Each structure stands twice: as structure tokens, then as C-alpha cells.
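# Coordinate inspection notes
Listed below are the residues making up each chain.
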Amino acid sequence: MGKNKNKKRQYNDNSSSSSSSKVQSNKKSHSSSTPHNQSQGKRPTFPSYLDTPDLPPKVKILCEIIASTPSLSIEKVLDDTGVRVSQEDVEEVLKLSYGYPGPAVKFFRWSGFQLNDKHSPYAWNLVVDLLGKSSLFDAMWDAIKSMKKEGLLSLATFASVFSSYAIANRVQEAIMTFEVMDQYGCPRDILALNSLVSAICRDGKAKEAKEFLNVLKDRIRPDADTYAILLEGWENEKDVASARHTFADMVMDVGWDPGNVPAYDSFLITLIKGPDGLCEAMKFFETMKDRRCYPGMKFFKVALEECLKKGDKRVAESLWGSLVGKNGCRPDTELYNLMINLHCTLRDYDLARMLLDEMVCNGAFPDSQTYNAVFNFLIKGRRLKEALTIFSEMVKNECVPTHSNCDSAVRVFVENGDPYMAIKIWKCMIENFKNPELEETGNMLVVGLRDFNRIPEAVKYAEDMVDRGIKLNSSTLSKLKQSLTKTGRIPVYDELLRKWKYH
């Protein structure tokens, strides 16, 4: 585990790796692709300039023009602004203009005149991508042909095309694109294949990816990355049977590879989601360990979450031992939280506390979730001395107890005759929660103080609630009236009633 290096390459449609380019000024408008190019598949959503804070004024103005100007008018409007653009400006504008492909391409062409037809490679790939993601495939191919003339095409360009076709439910056209890549000067090698498989699997079509691999495997042999991508597809689709078959194929084709961590992660997580769940996953996990092949943190988090759901201490401790003891890994805060939660659920505070103390030494720092799990357990178990220690520690470390934990704590401390601790929790609530969330707890505190014959404190906090606009219930007021009447302090009640009515 300590050597878990993730060798899986990124096959997303990242279009930043081609070279410089030149706009074809006589190319037809990309916004006029014919209706048959429009896909019936789901359309992805993309960032908008409206959702992006702190944009440079120039970029924002250009985005606004693209978003509000018809394609036929946009070049004149842009000319009228007198704005000068750089390659970086063009890239930023295109990234935020996916919702307006026609005007965006017109802007790209217009800016080319300023840049002497020297657009960045990233800008060209963005044009290909925004057209493809809008299902304007004729226009997309026009852009690709222009890039070919300039020698700018790269795998990044085709990765974008694969992704666009897959999203549009046109997998066969993605495959056809792969088949003609070499005609555009891009090799149909294992990197291209993995890029295609990744695009298909990301869109929930792992079965179609597998069928294509079966046809192609005599021409291009799948590598460890191919299998990792396919296994991730089965994981996303929760297809346990297909994952088993693919894993067996992988072991037969590429063997056991300690570096193939993503494949082991995806396979084991898929098994956890299956009918035999943790049981089957742990059998394969032991087999992997025997061959010195380990999954990554992703698997351990999912597996420990499952242990927490099922209260399975035995499997959790086995996993923890493999993670920490034999592989020298340092679990992060999320992993510690899962184990601490599990021990709290199983009422084993000593182990939970040990992990809480240990995690800092391993570079994992407790957060609000960590402290709240322990605090909740201690409050429920009425272990108030330890609860006080944890509360003080979490507040010192600027971690706030949850509203429900605070409410429970106030109730328990009041019931156990510790009003000062109840008041301390209440003050924490006032600092961190809004008025509507404070009403029930505040009334409970006031009544509790009154029931323990701490009338001055009860009145003090009742008045404070009223002053803060926190609703003091009439039933709480009535109980205070009874106590104040018995002790002959009617004027105190009258003043409280006056404030109550005024607010």
C-alpha cells in the first residue's frame, strides 16, 4: 500500500495538448448544422460566465456579447467594442461559452484576425469540444479538417470527439472515428483505444465498450489501463458478473501488477455492491494480498463504510491492520472517522479514544465529524465527564457540535443536575445557530433551571432569549410565574412579561 502509485492515465477529453492554428475564414458557420445532427441523448451542463466569480472585465464583456448577440450580428458588435484579445482571452471566453456554440465560433473566427490566425492549440480543441457537446457534428468535423491542414490534431482532439459521440448516444460513430484516426495523422494505438473506452464507459455504456474490445483485441492488445477503465465502468453500473469476467481476463492477459491500483479498487468496490458484498470482496482482497497487490484508499473507504453500516468490527479491524500495520500507510481523517464511528456505534469508547489520540501522530487531524461522533456517543451513554473533556477539546480546535448533539447535551446535563455545563453548551449554540433552531433547547434549559430551583438563572436566560428574539413559550413563562409567585418576586415576573409582550 505504501507504494500505491496510480499508474492509470487520464483519458478524459482534455483538449489542451495540440499545437498552434489558423482559422479558415471561408468555412461555413458552425451554428448552422442541420437538424439531423442534433442528438436525442442527454446534454451535459458546462460552466457559465454567470457562475464564475472574479472574471477579468474584458473576458466578462466578451462572454456577455456572445450570450446575448445573434450569430449574424456578433462580429459587428465585437468590432464596435474596440477590444483587443490575447490567446489566453480567447481560451477563457470559449471555456465559458459552451451554451452558445454559433456565436462562440464566430467569436473564435473574429479573434483570429487579431491574432494573425495564431490561435492556441487549446482554443482549437475547445472549439471542437463545444461543437461536439452541442451535437453540431458537421461543424465539429469542419473544425477538425481545418486543424488537419495545419497539422494540429492530437489525441486530445479525438478524445473530445469520442466523448461527444458517447454523450449523444452515438457510440458507433465514436468507434468509426477511432477507425479513421490514422487518416488524420493520429495513430490508433493503445492510448487512443483507452481514450475511446474511457469515453464510452463514462457514459454508462461499458457493455458496448467490452463488445468493441472483443472485436479489436487481435489488432490492439488491451493493457492494464484498459482493464482498469472497463472495471471502473462496471463499478459505476454495479455489474458484478461482468466485473468478475473482466477481472479474470485481466489476470490472464496482463497478470498481477502491484501498480494497477485503480483496477483493484474498482473490482473490489463492485463486489461490495453485489449480493455477497463484503464477504466476496474480502476473499478477493486476501488473494490480492497473497500476490502483494493492494487496492487504494478508495476501496478502504468504501469497505469501512460498509463495515460501519453492518457493524462489522472483525472485518473493519482486518482491513485496518492491512492498511496500517503491513503496508505502512497513514490513514487520512476520513478513514479515522469511519473507524471511530464504528467503535462508538459498538460502544467501545476506549478504542475510539485511542484512535482519536493516535490520528494526530499520523498526520490526520480530527474535524467536526470526528468530535461529534465521540461526543454523541458519550452524551447518549451519559459519560458526562468524558463528554466535557471532548467538548472542551473540540471547541478549542474550532469544531462546533451539531445542533442535535448540543440539544441532547443540554437535556442530559440539566437532567443530571449540572446546569453550569448545560449553560456552557447553550452559549455555544447561541454563537453558532440561528434563532428558529434555538427555541426548543432554550425553553428546555429555562424550565430545567427552574425545576432545579435555580430561579435567578432561569429568569436570566429567559430574558436573554426574549432580548435575542428567541421565542419563549407561554408554558415556560407560566412555570416561571408559579416559581416567582411562590418566592414573592412578582415584580420580576411582571418585568419579564412586559418584555415578552413587547417582543
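An account of the accompanying structure is given in this report. (Residues numbered from 1 in each chain as written. Predicted model: local features only at pLDDT ≥ 70, side-chain atom pairs only at ≥ 80, totals over all residues. Heavy atoms only, no water.)

### Examining the overall build of the chain
Along its length, the chain carries 26 helices and 0 strands. Over its C-alpha atoms the chain spans a radius of gyration of 32 Å, topping by over 25% the 23 Å that the globule rule assigns to 503 residues. Principal axes of the C-alpha set define a box for the chain whose edges measure 95 × 70 × 40 Å. Counting all 503 residues of the chain, 52% fall into the buried class. Across the chain, every contact between residues at least 6 apart in sequence was considered, and the portion connecting residues at least 24 apart equals 71%. In the chain, 69 side chains carry a positive charge and 66 a negative one; their mean positions are 2 Å apart. (Helix = DSSP H or I, 4+ residues; strand = E, 2+ residues; numbered from the N terminus. Rg over C-alpha atoms; globule rule 2.2 N^0.38 Å. Buried < 20%, exposed > 50% of the residue type's maximum accessible area, 1.4 Å probe, protein only. Contact = heavy atoms within 4.5 Å. Lys, Arg positive; Asp, Glu negative; His and termini not counted. Charge placed at Lys NZ, Arg CZ, Asp CG, Glu CD.)

### Notes on the packing of helix 8 (residues 171-180) against helix 10 (residues 206-216)
Two numbers describe how helix 8 lies on helix 10: the axes approach to 11 Å, and their chain directions differ by 35°. For the crossing formed where helix 8 meets helix 10, the hand is right-handed. Contacts between helix 8 and helix 10 pair Val171, Ile175, Phe178 and Glu179 from the former with Glu208, Phe212 and Leu216 from the latter. For the contact of helix 8 with helix 10, the residue count by class is 5 nonpolar, no polar and 2 charged. (Axes fitted to C-alpha atoms, helices over the stretch in contact; angles between N-to-C directions. Left-handed = near helix turned anticlockwise from the far one by under 90°. Nonpolar A, V, L, I, M, F, W, Y, C, P; charged D, E, K, R; others polar.)

### A look at the pattern of salt bridges
Note that side chains of opposite charge can pair when their charged atoms are close. Scanning the entire structure with this criterion turns up 26 salt bridges. Residues Asp89 and Lys58 are paired through a salt bridge, measuring 2.8 Å at the closest nitrogen-oxygen approach. One end of the pair, Asp89, is in helix 3 (residues 87-95); the other, Lys58, is in helix 1 (residues 57-68), and 31 residues separate them in sequence. Look at Asp89 and you get buried, because its relative accessible area is 12%. Judged by its relative accessible area of 31%, Lys58 falls in the partly exposed class. Between Asp80 and Lys76 there is a salt bridge whose closest N-O contact spans 3.1 Å. Note that Asp80 and Lys76 are positioned in helix 2 (residues 74-81) at a spacing of 4 residues, about one turn of the helix. (Salt bridge = Lys/Arg side-chain N within 4 Å of Asp/Glu carboxyl O.)

### Some words on the nonpolar core
Among the nonpolar cores identified, the biggest contains 158 residues, and Leu94, Phe178 and Leu319 are the most heavily contacted of them. It is helix 22 (residues 419-432) that provides the largest number of residues to this core, a total of 8 residues. (Core = buried A, V, L, I, M, F, W, Y, C linked by side-chain atoms within 4.5 Å.)

### Some thoughts on helix 12 (residues 240-254)
In an α-helix, one turn spans 3.6 residues, which is why side chains three or four residues apart end up on the same side. Taking 1.5 Å as the rise per residue, helix 12 with 15 residues should run 21 Å; its terminal C-alpha atoms sit 21 Å apart, in good agreement. Turning to helix 12, its buried residues number three or more, namely Val240, Ser242, Ala243, Thr246, Phe247 and Met250. For helix 12, the angular spread of buried residues about the axis comes to 150°, placing them on one side. In helix 12, the exposed positions that point more than 90 degrees away from the buried face belong to His245 and Met252. Tucked inside the fold, the buried residues of helix 12 contact helix 10, helix 11 (224-237), helix 13 (261-272) and helix 14 (277-290). One or two residues past the end of helix 12 sits Gly255, with phi positive at roughly 80°. (Expected span 1.5 Å × (residues − 1). Arc of directions from axis to C-beta.)

### Some words on unusual backbone geometry
The phi torsion at Asn116 lies on the positive side, around 55°, for a residue other than glycine. For Asn116, the position within the fold is in the loop between helix 4 (101-114) and helix 5 (121-133). Residue classification places Asn116 among the exposed positions, given a relative accessible area of 61%. Positive phi outside glycine occurs at Glu398, with the angle close to 60°. Within the element layout of this structure, Glu398 appears in the loop between helix 20 (384-396) and helix 21 (403-415).

### Considerations on the packing of aromatic side chains
Counted by the stated rule, this structure contains 19 aromatic pairs. Taking the centre distance of 6.1 Å and the plane angle of 65° together, the rings of Phe158 and Tyr184 count as edge-to-face. Of this pair, Phe158 sits in helix 7 (residues 155-167) while Tyr184 sits in the loop between helix 8 and helix 9 (190-202), and the two are 26 residues apart along the sequence. Each of the two residues, Phe158 as well as Tyr184, counts as buried. Relative to Phe284, the ring of Phe247 has its centre 6.0 Å away and its plane inclined at 85°; by these criteria the two rings are edge-to-face. One end of the pair, Phe247, is in helix 12; the other, Phe284, is in helix 14, and 37 residues separate them in sequence. A residue is classified by how much of its surface remains accessible, and Phe247, at 4% relative accessible area, is buried. Classification of Phe284 as partly exposed rests on a relative accessible area of 27%. (Phe/Tyr/Trp six-rings, centres within 6.5 Å; stacked < 30°, edge-to-face > 60°.)

### Let's talk about the environment of Phe108
Residue position: Phe108 is located in helix 4. We classify Phe108 as buried; its relative accessible area is 2%.

### Focus on the side chain of Ser111
Among the structural elements, Ser111 can be located in helix 4. A relative accessible area of 0% means that Ser111 is categorised as buried. A polar side-chain atom of Ser111 sits 2.9 Å from the main-chain carbonyl oxygen of Phe108. In this structure Ser111 touches Val85, Val90 and His119, once residues within four positions along its chain are discounted. (Polar contact = N/O pair within 3.5 Å; in protein donor to acceptor, adjacent residues only side chain to side chain.)

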